[in-house]
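Analysis of the macromolecular model
One letter stands for each residue in the lines below.
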Amino acid sequence: MATMTKKLGNNDLADVMFNRHSVRDFDPAVKIDRDEIQEMLSEAATAPSACNLQSWHFVVIDTPEAKEKFKKAVMPFNYPQVDKASAIVFIAGDTQSHLVYRDVWNKVYKDGNITKERLDQILGTFLPLYEKATPEFLKFDATMDCSIVGAQLLLIARAHGYDANAFSGIDFEHMIPTLGLDPKRFVPIMGIALGKAASEPLHTQRYDTKTQTEFL
Ligand SMILES: Cc1cc2nc3c(=O)[nH]c(=O)nc-3n(C[C@H](O)[C@H](O)[C@H](O)COP(=O)(O)O)c2cc1C
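Residues numbered from 1 in each chain as written. Predicted model: local features only at pLDDT ≥ 70, side-chain atom pairs only at ≥ 80, totals over all residues. Heavy atoms only, no water.

By the naming in an unreviewed UniProt entry, the chain is Nitroreductase family protein, taken from Lactiplantibacillus dongliensis. Check the Sequence similarities (unreviewed entry) section of the UniProt entry for the chain; it says "Belongs to the nitroreductase family." (UniProt positions renumbered as here; feature names shortened; annotations may be inferred.)

The subject of this paragraph is the UniProt feature "domain: Nitroreductase" (unreviewed entry) in the chain. Cross-referencing UniProt, the feature "domain: Nitroreductase" (unreviewed entry) maps to residues 19-196 in the present numbering. For the annotated span residues 19-196, helix accounts for 45% and strand for 16% of the residues, and the straight-line distance between the end C-alpha atoms is 14 Å. (Helix = DSSP H or I, 4+ residues; strand = E, 2+ residues; numbered from the N terminus.)

If you look at the biggest cluster of nonpolar residues, it comprises 27 residues, and the most contacted ones within it are Met 40, Val 89, Ile 91, Leu 153, Ile 192 and Leu 194. Among the secondary structure elements, those contributing two or more residues to this core are α3 (34-44), β2 (87-94), α8 (135-159) and β4 (186-195). Among all residues touching Val 89, those that are not within four sequence positions of it are Ile 37, Leu 41, Phe 58, Val 59, Val 60, Leu 153, Met 190, Gly 191, Ile 192 and Leu 194. Of all hydrophobic cores here, the second largest spans 20 residues; its members include Val 74, Phe 90, Leu 179 and Ala 193. (Core = buried A, V, L, I, M, F, W, Y, C linked by side-chain atoms within 4.5 Å. Buried < 20%, exposed > 50% of the residue type's maximum accessible area, 1.4 Å probe, protein only. Contact = heavy atoms within 4.5 Å.)

Over its 16 residues, helix α7 (residues 116-131) runs 22 Å from end to end, which matches the ideal 22 Å to within 8%, given 1.5 Å per residue. Regarding α7, the residues found buried are Leu 119, Ile 122, Leu 123, Leu 127 and Tyr 130. Take α7 and look down its axis: the buried residues cluster within an arc of 100 degrees, on one side only. Looking at the buried residues of α7, the elements they touch are α6 (101-110) and α8. (Expected span 1.5 Å × (residues − 1). Arc of directions from axis to C-beta.)

Quick look at the site of the ligand now. In the vicinity of the ligand, 14 residues are found, and the nearest of them are Ser 22, Arg 24, Asn 78, Ala 166 and Arg 206. At a separation of 3.3 Å, an oxygen atom of the ligand approaches a polar side-chain atom of Gln 81. Contact distances for the ligand include 2.9 Å between an oxygen atom and a backbone N or O atom of Gly 169. Notes on the ligand: free accessible area 620 Å², of which the protein chains cover 64%. It is strand β3 (residues 163-167) that contributes the most residues to the shell around the ligand, 3 residues altogether. Split by residue class, the shell around the ligand holds 3 nonpolar, 8 polar and 3 charged. (Near = heavy atom within 4 Å. Polar contact = N/O pair within 3.5 Å; in protein donor to acceptor, adjacent residues only side chain to side chain. Areas by Shrake-Rupley, 256 points an atom, 1.4 Å probe, with all protein chains shown as cover. Nonpolar A, V, L, I, M, F, W, Y, C, P; charged D, E, K, R; others polar.)

And the structure:
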(Lines give C-alpha, C1' and ligand atoms only; values in the text may rest on other atoms or scores of the structure.)
Protein backbone atom coordinates (compact mmCIF):
# COMPACT_ATOMS: atom_id res chain seq x y z
CA MET A 1 0.00 0.00 0.00
CA ALA A 2 2.91 2.35 0.74
CA THR A 3 4.11 2.12 -2.87
CA MET A 4 0.65 3.15 -4.07
CA THR A 5 0.65 6.23 -1.85
CA LYS A 6 3.96 7.44 -3.26
CA LYS A 7 2.55 7.70 -6.77
CA LEU A 8 -0.33 9.98 -5.88
CA GLY A 9 0.01 13.47 -7.31
CA ASN A 10 -2.37 14.96 -4.76
CA ASN A 11 -2.15 13.53 -1.27
CA ASP A 12 -4.23 16.30 0.31
CA LEU A 13 -7.36 14.42 1.40
CA ALA A 14 -9.27 17.60 2.26
CA ASP A 15 -8.67 18.98 -1.24
CA VAL A 16 -9.37 15.64 -2.92
CA MET A 17 -12.62 15.13 -1.03
CA PHE A 18 -14.08 18.58 -0.37
CA ASN A 19 -13.17 20.12 -3.73
CA ARG A 20 -14.55 17.18 -5.69
CA HIS A 21 -17.44 18.08 -7.95
CA SER A 22 -19.16 16.06 -10.63
CA VAL A 23 -17.49 17.04 -13.87
CA ARG A 24 -19.48 16.46 -17.03
CA ASP A 25 -17.60 18.78 -19.39
CA PHE A 26 -14.23 17.17 -20.08
CA ASP A 27 -11.32 18.28 -22.24
CA PRO A 28 -11.58 15.76 -25.11
CA ALA A 29 -7.87 16.20 -25.92
CA VAL A 30 -6.80 14.56 -22.64
CA LYS A 31 -6.01 10.83 -22.80
CA ILE A 32 -5.34 8.73 -19.71
CA ASP A 33 -3.14 5.82 -20.60
CA ARG A 34 -4.39 2.34 -19.82
CA ASP A 35 -1.60 1.63 -17.34
CA GLU A 36 -2.67 4.60 -15.26
CA ILE A 37 -6.34 3.56 -15.47
CA GLN A 38 -5.33 0.10 -14.25
CA GLU A 39 -3.30 1.68 -11.45
CA MET A 40 -6.28 3.80 -10.35
CA LEU A 41 -8.48 0.70 -10.37
CA SER A 42 -5.99 -1.19 -8.20
CA GLU A 43 -5.92 1.73 -5.79
CA ALA A 44 -9.73 2.00 -5.74
CA ALA A 45 -9.93 -1.75 -5.15
CA THR A 46 -8.34 -1.32 -1.72
CA ALA A 47 -11.96 -0.55 -0.78
CA PRO A 48 -13.61 -2.69 1.86
CA SER A 49 -16.17 -5.22 0.66
CA ALA A 50 -18.61 -7.64 2.26
CA CYS A 51 -16.57 -10.63 3.50
CA ASN A 52 -13.80 -9.26 1.25
CA LEU A 53 -15.63 -10.74 -1.73
CA GLN A 54 -14.67 -7.76 -3.94
CA SER A 55 -17.76 -8.31 -6.05
CA TRP A 56 -16.83 -5.74 -8.69
CA HIS A 57 -15.94 -6.00 -12.35
CA PHE A 58 -14.62 -3.07 -14.39
CA VAL A 59 -15.22 -2.45 -18.07
CA VAL A 60 -13.09 0.39 -19.47
CA ILE A 61 -14.51 2.33 -22.40
CA ASP A 62 -11.80 4.53 -23.89
CA THR A 63 -12.09 4.41 -27.68
CA PRO A 64 -14.62 6.12 -29.99
CA GLU A 65 -15.87 2.69 -31.11
CA ALA A 66 -16.36 1.45 -27.55
CA LYS A 67 -18.13 4.72 -26.62
CA GLU A 68 -20.60 4.34 -29.49
CA LYS A 69 -21.36 0.77 -28.43
CA PHE A 70 -21.65 1.77 -24.76
CA LYS A 71 -23.98 4.71 -25.56
CA LYS A 72 -26.62 2.27 -26.82
CA ALA A 73 -27.34 1.53 -23.15
CA VAL A 74 -26.78 5.06 -21.76
CA MET A 75 -29.52 7.65 -21.30
CA PRO A 76 -29.06 10.55 -23.73
CA PHE A 77 -28.65 13.15 -20.98
CA ASN A 78 -25.37 11.42 -20.12
CA TYR A 79 -23.97 11.49 -23.67
CA PRO A 80 -21.92 14.69 -23.12
CA GLN A 81 -19.68 13.18 -20.44
CA VAL A 82 -19.41 9.88 -22.35
CA ASP A 83 -18.40 11.71 -25.54
CA LYS A 84 -15.80 13.97 -23.93
CA ALA A 85 -14.37 11.86 -21.08
CA SER A 86 -10.91 10.32 -21.50
CA ALA A 87 -12.40 7.04 -20.33
CA ILE A 88 -15.46 5.62 -18.66
CA VAL A 89 -15.10 2.84 -16.14
CA PHE A 90 -18.32 0.89 -15.99
CA ILE A 91 -18.66 -0.94 -12.68
CA ALA A 92 -20.67 -4.15 -12.78
CA GLY A 93 -21.47 -6.30 -9.76
CA ASP A 94 -20.22 -9.87 -9.89
CA THR A 95 -22.73 -12.20 -8.23
CA GLN A 96 -20.30 -15.13 -8.59
CA SER A 97 -17.36 -13.55 -6.79
CA HIS A 98 -17.63 -16.20 -4.07
CA LEU A 99 -16.50 -18.86 -6.58
CA VAL A 100 -12.92 -17.53 -6.32
CA TYR A 101 -13.22 -16.60 -2.65
CA ARG A 102 -10.76 -19.30 -1.56
CA ASP A 103 -7.96 -17.72 -3.62
CA VAL A 104 -7.90 -14.40 -1.80
CA TRP A 105 -7.92 -16.01 1.65
CA ASN A 106 -5.33 -18.61 0.65
CA LYS A 107 -3.04 -15.68 -0.23
CA VAL A 108 -3.55 -14.18 3.24
CA TYR A 109 -2.72 -17.58 4.73
CA LYS A 110 0.37 -18.06 2.53
CA ASP A 111 1.56 -14.56 3.54
CA GLY A 112 1.51 -15.86 7.10
CA ASN A 113 -1.15 -13.40 8.22
CA ILE A 114 -3.64 -16.01 9.46
CA THR A 115 -3.37 -19.53 10.83
CA LYS A 116 -4.75 -22.59 9.02
CA GLU A 117 -7.48 -22.79 11.69
CA ARG A 118 -8.52 -19.18 11.06
CA LEU A 119 -8.49 -19.80 7.28
CA ASP A 120 -10.76 -22.84 7.68
CA GLN A 121 -13.00 -20.88 10.03
CA ILE A 122 -13.39 -17.97 7.56
CA LEU A 123 -14.09 -20.23 4.59
CA GLY A 124 -16.37 -22.45 6.67
CA THR A 125 -18.40 -19.47 7.90
CA PHE A 126 -18.75 -17.35 4.79
CA LEU A 127 -18.61 -19.72 1.81
CA PRO A 128 -21.82 -21.62 2.73
CA LEU A 129 -23.56 -18.27 3.28
CA TYR A 130 -22.85 -17.25 -0.30
CA GLU A 131 -23.28 -20.68 -1.84
CA LYS A 132 -26.81 -20.81 -0.42
CA ALA A 133 -27.65 -17.14 -0.99
CA THR A 134 -30.59 -15.99 -3.10
CA PRO A 135 -29.93 -14.00 -6.30
CA GLU A 136 -31.38 -10.92 -4.53
CA PHE A 137 -28.90 -11.25 -1.67
CA LEU A 138 -25.97 -11.65 -4.09
CA LYS A 139 -27.12 -8.65 -6.12
CA PHE A 140 -27.56 -6.50 -3.02
CA ASP A 141 -24.13 -7.49 -1.70
CA ALA A 142 -22.46 -6.78 -5.04
CA THR A 143 -24.25 -3.42 -5.28
CA MET A 144 -22.84 -2.33 -1.92
CA ASP A 145 -19.31 -3.45 -2.83
CA CYS A 146 -19.47 -1.65 -6.17
CA SER A 147 -20.80 1.55 -4.60
CA ILE A 148 -17.86 1.70 -2.23
CA VAL A 149 -15.24 0.96 -4.89
CA GLY A 150 -16.93 3.59 -7.08
CA ALA A 151 -16.64 6.20 -4.32
CA GLN A 152 -12.95 5.34 -3.93
CA LEU A 153 -12.43 5.65 -7.69
CA LEU A 154 -13.99 9.14 -7.67
CA LEU A 155 -11.47 10.21 -5.05
CA ILE A 156 -8.41 8.39 -6.40
CA ALA A 157 -9.07 10.01 -9.79
CA ARG A 158 -8.73 13.41 -8.09
CA ALA A 159 -5.56 12.25 -6.36
CA HIS A 160 -4.19 11.50 -9.85
CA GLY A 161 -5.15 15.01 -11.00
CA TYR A 162 -8.31 14.02 -12.87
CA ASP A 163 -11.99 14.76 -12.45
CA ALA A 164 -14.93 12.39 -12.57
CA ASN A 165 -18.66 11.93 -12.79
CA ALA A 166 -20.50 8.92 -11.45
CA PHE A 167 -23.63 8.15 -13.44
CA SER A 168 -26.37 5.58 -13.23
CA GLY A 169 -28.61 7.12 -15.88
CA ILE A 170 -28.36 4.01 -18.01
CA ASP A 171 -30.57 1.34 -19.51
CA PHE A 172 -30.29 -1.19 -16.69
CA GLU A 173 -31.93 -3.95 -18.69
CA HIS A 174 -29.58 -3.76 -21.66
CA MET A 175 -26.27 -2.50 -20.23
CA ILE A 176 -24.78 -5.87 -19.30
CA PRO A 177 -25.38 -7.54 -22.70
CA THR A 178 -24.27 -4.32 -24.43
CA LEU A 179 -20.92 -4.67 -22.65
CA GLY A 180 -20.70 -8.31 -23.73
CA LEU A 181 -21.04 -9.61 -20.17
CA ASP A 182 -23.16 -12.51 -18.94
CA PRO A 183 -26.48 -11.14 -17.57
CA LYS A 184 -26.89 -14.24 -15.38
CA ARG A 185 -23.71 -13.33 -13.55
CA PHE A 186 -23.24 -9.55 -13.68
CA VAL A 187 -25.49 -6.69 -12.54
CA PRO A 188 -25.16 -3.11 -13.80
CA ILE A 189 -24.20 -0.53 -11.17
CA MET A 190 -22.72 2.72 -12.50
CA GLY A 191 -20.38 4.39 -14.92
CA ILE A 192 -17.56 6.66 -13.81
CA ALA A 193 -16.46 9.13 -16.46
CA LEU A 194 -12.82 10.21 -16.02
CA GLY A 195 -10.86 13.06 -17.53
CA LYS A 196 -9.85 16.68 -17.00
CA ALA A 197 -12.44 19.39 -16.54
CA ALA A 198 -12.84 21.77 -19.47
CA SER A 199 -14.92 24.24 -17.43
CA GLU A 200 -15.76 24.98 -13.82
CA PRO A 201 -18.28 22.40 -12.61
CA LEU A 202 -21.46 23.21 -10.72
CA HIS A 203 -20.95 23.61 -6.98
CA THR A 204 -23.80 21.72 -5.36
CA GLN A 205 -25.26 21.94 -1.85
CA ARG A 206 -25.92 19.42 0.89
CA TYR A 207 -28.67 19.11 3.46
CA ASP A 208 -27.74 19.81 7.03
CA THR A 209 -26.87 16.29 8.21
CA LYS A 210 -28.58 17.09 11.52
CA THR A 211 -31.86 16.69 9.62
CA GLN A 212 -30.69 13.25 8.49
CA THR A 213 -29.19 12.02 11.74
CA GLU A 214 -30.47 10.32 14.84
CA PHE A 215 -28.45 9.07 17.78
CA LEU A 216 -30.03 5.96 19.16
C1 LIG B 1 -25.44 6.65 -7.86
C2 LIG B 1 -25.24 7.94 -8.59
C3 LIG B 1 -25.84 8.13 -9.80
C4 LIG B 1 -25.65 9.30 -10.52
N5 LIG B 1 -26.18 9.41 -11.78
C6 LIG B 1 -25.87 10.48 -12.53
C7 LIG B 1 -26.29 10.57 -13.88
O8 LIG B 1 -26.90 9.65 -14.44
N9 LIG B 1 -25.92 11.66 -14.59
C10 LIG B 1 -25.22 12.69 -14.04
O11 LIG B 1 -24.93 13.65 -14.74
N12 LIG B 1 -24.82 12.65 -12.74
C13 LIG B 1 -25.12 11.58 -11.98
N14 LIG B 1 -24.68 11.51 -10.68
C15 LIG B 1 -23.94 12.62 -10.09
C16 LIG B 1 -24.84 13.40 -9.11
O17 LIG B 1 -25.78 14.16 -9.83
C18 LIG B 1 -23.97 14.30 -8.23
O19 LIG B 1 -23.07 13.51 -7.49
C20 LIG B 1 -24.81 15.14 -7.24
O21 LIG B 1 -25.64 16.03 -7.94
C22 LIG B 1 -23.91 15.95 -6.29
O23 LIG B 1 -23.01 16.76 -7.03
P24 LIG B 1 -21.45 16.63 -6.84
O25 LIG B 1 -21.03 15.25 -7.25
O26 LIG B 1 -20.86 17.69 -7.74
O27 LIG B 1 -21.14 16.89 -5.40
C28 LIG B 1 -24.87 10.34 -9.96
C29 LIG B 1 -24.26 10.14 -8.73
C30 LIG B 1 -24.43 8.96 -8.04
C31 LIG B 1 -23.71 8.75 -6.74
